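This is what each chain is made of:
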Amino acid sequence: MKTYHHIDSLRETLNRERAAGKRIGFVPTMGNLHDAHLELVKLARETNDIVVCSIFVNGLQFGLNEDWDKYPRTLMEDSQKLQGVGCDYLFNPDDNEMYPNGLDTQSRVICPTMTDVLCGASRPGHFEGVTTVVTKLFNIVQPHEAVFGIKDFQQLAVIRRMVEDLCMGIQITAAPIHREIDGLAMSSRNGFITEEERPKVSQLNKSLNWVKDHIEAGRRDFGDLGDEARQQIEDAGFRVDYFSVCNSKTLAPAADDDRNITILGAMFTAGARLIDNVSTNLTEGE
Ligand code: AMP
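Residues numbered from 1 in each chain as written. Predicted model: local features only at pLDDT ≥ 70, side-chain atom pairs only at ≥ 80, totals over all residues. Heavy atoms only, no water.

K.L.:
Give me the lowdown on the site of the ligand, citing residues and values where you can.
P.N.:
As a structural note, the neighbourhood of the ligand is formed by 17 residues, with Met30, Gly149, Asp152, His178 and Met186 the closest of them. Take Gly149: an N or O atom from its main chain is 2.9 Å from an oxygen atom of the ligand. The separation between a nitrogen atom of the ligand and a polar main-chain atom of His178 is 2.9 Å. In the complex, 93% of the free accessible area of the ligand, which totals 480 Å², lies under the protein chains. Looking at the shell around the ligand, the elements with two or more residues in it are strand 2 (24–29), helix 2 (35–47) and strand 5 (145–149). In terms of residue count, helix 2 provides more of the shell around the ligand than any other element does, three residues in total. When its residues are assigned to classes, the shell around the ligand shows nine nonpolar, six polar and two charged. (Near = heavy atom within 4 Å. Polar contact = N/O pair within 3.5 Å; in protein donor to acceptor, adjacent residues only side chain to side chain. Areas by Shrake-Rupley, 256 points an atom, 1.4 Å probe, with all protein chains shown as cover. Helix = DSSP H or I, 4+ residues; strand = E, 2+ residues; numbered from the N terminus. Nonpolar A, V, L, I, M, F, W, Y, C, P; charged D, E, K, R; others polar.)

K.L.:
Explain the packing of aromatic side chains to me, and be specific about the residues and the numbers.
P.N.:
Taken as a whole and judged by the stated rule, the model has five aromatic pairs. Both rings, one in Tyr4 and one in Tyr89, keep their centres 5.9 Å apart while their planes meet at 65 degrees; by these two values the pair is edge-to-face. Remark: Tyr89 occurs in strand 4 (residues 89–91) and Tyr4 occurs in strand 1 (residues 2–4); sequence separation between them is 85 residues. Of the two residues examined, Tyr4 and Tyr89, each falls in the buried class. Their ring planes at 80 degrees and their centres at 6.0 Å tell us that Phe62 and Tyr71 sit as a pair that is edge-to-face. A relative accessible area of 10% places Phe62 in the buried class. Exposure remark for Tyr71: the relative accessible area of 7% places this residue in the buried category. Of the aromatic side chains, those joined through ring pairs into one cluster are Phe26, Phe138 and Phe148. Its end group placed over the ring of Phe62, Arg123 keeps NZ or CZ at 5.9 Å from the ring centre. (Phe/Tyr/Trp six-rings, centres within 6.5 Å; stacked < 30°, edge-to-face > 60°. Buried < 20%, exposed > 50% of the residue type's maximum accessible area, 1.4 Å probe, protein only. Lys NZ or Arg CZ within 6 Å of the ring centre and 35° of its normal.)

K.L.:
Which residues make up the environment of Leu166, and what values do they have?
P.N.:
Secondary-structure assignment places Leu166 in the loop between helix 7 (153–165) and strand 6 (171–175). Classification of Leu166 as partly exposed rests on a relative accessible area of 47%. Sequence separation of Leu166 and Val109 is 57 residues, and the distance between their C-alpha atoms is 9.9 Å.

Below you can see the structure in the form of structure tokens.
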């Protein structure tokens with residue numbers, strides 16, 4: 001695997017690959033890679049000749065009081081893991097390479113739908129930072145396909161919409177959520193969970209599934225279900241950021257006759273904010 005820190009040299013290499021007819025798959029990440037990230041790389045491997053992974057902790061998507069400065073940076077270990085799953089090129093730019101004119105005057109990409117609810121409500125400007133950096137990375141790598149995890153369900157929906165709206169012509173592939181044995185979704189932020197909290201944090205996933213089971217059994221009082229789930233999570237000792245039963249396509253609160261439903265939740269531990277979601281496709285008559 002070859003590592004690039006500069007846009008120009010990566011571009012030169014990828015132009016050559018493209019000219020040779022190679023199909024390029026791309027996996028953008030913020031590093032501190034775990035098994036879920038590696039599954040994304042393996043998925044990209046299956047349908048592409050070349051796989052590019054990026055590691056960049058994007059300041060533009062972090063709020064002022066968020067964890068940009070303490071976000072784990074583990075480049076050496078990450079490189080070894082990527083080599084182990086057959087990644088061809090790692091792109092690891094620094095802030096100056098990505099934002100040479102600084103953040104304040106950086107041109108932005110704005111997706112006006114689905115970005116001010118759920119994670120967007122508690123992290124104002126977050127998705128603008130995501131769509132801007134993903135557009136920049138897409139322009140640099142110019143992949144045929146990019147792989148994103150369903151764990152960040154809202155991010156995936158926003159990126160799909162951006163790619164469609166801006167005619168980017170990139171295939172977006174969704175990778176299933178990779179979990180620990182007790183259901184906790186893998187995340188670079190799981191390293192911030194204390195030993196004492198660890199046995200209890202899977203409550204978020206348990207409550208999401210509890211709501212899903214009740215919906216599949218016919219309940220449609222989504223508000224009440226959400227309230228009960230919130231209480232379960234609070235009883236386990238965590239502050240709930242949001243817990244919402246949504247239409248999977250629009251991320252609006254689900255209506256009684258919606259068939260594709262996604263339940264999304266976020267909660268705070270002492271040192272991290274964790275997110276998760278589960279989806280259900282109801283067949284007629286359920
Ligand atoms: P991050 O480095 O956290 O920005 O994540 C990079 C990519 O990995 C995103 O597309 C995430 O959705 C995906 N990802 C992170 N954790 C998981 C997980 N547990 N399961 C599936 N995809 C994940």
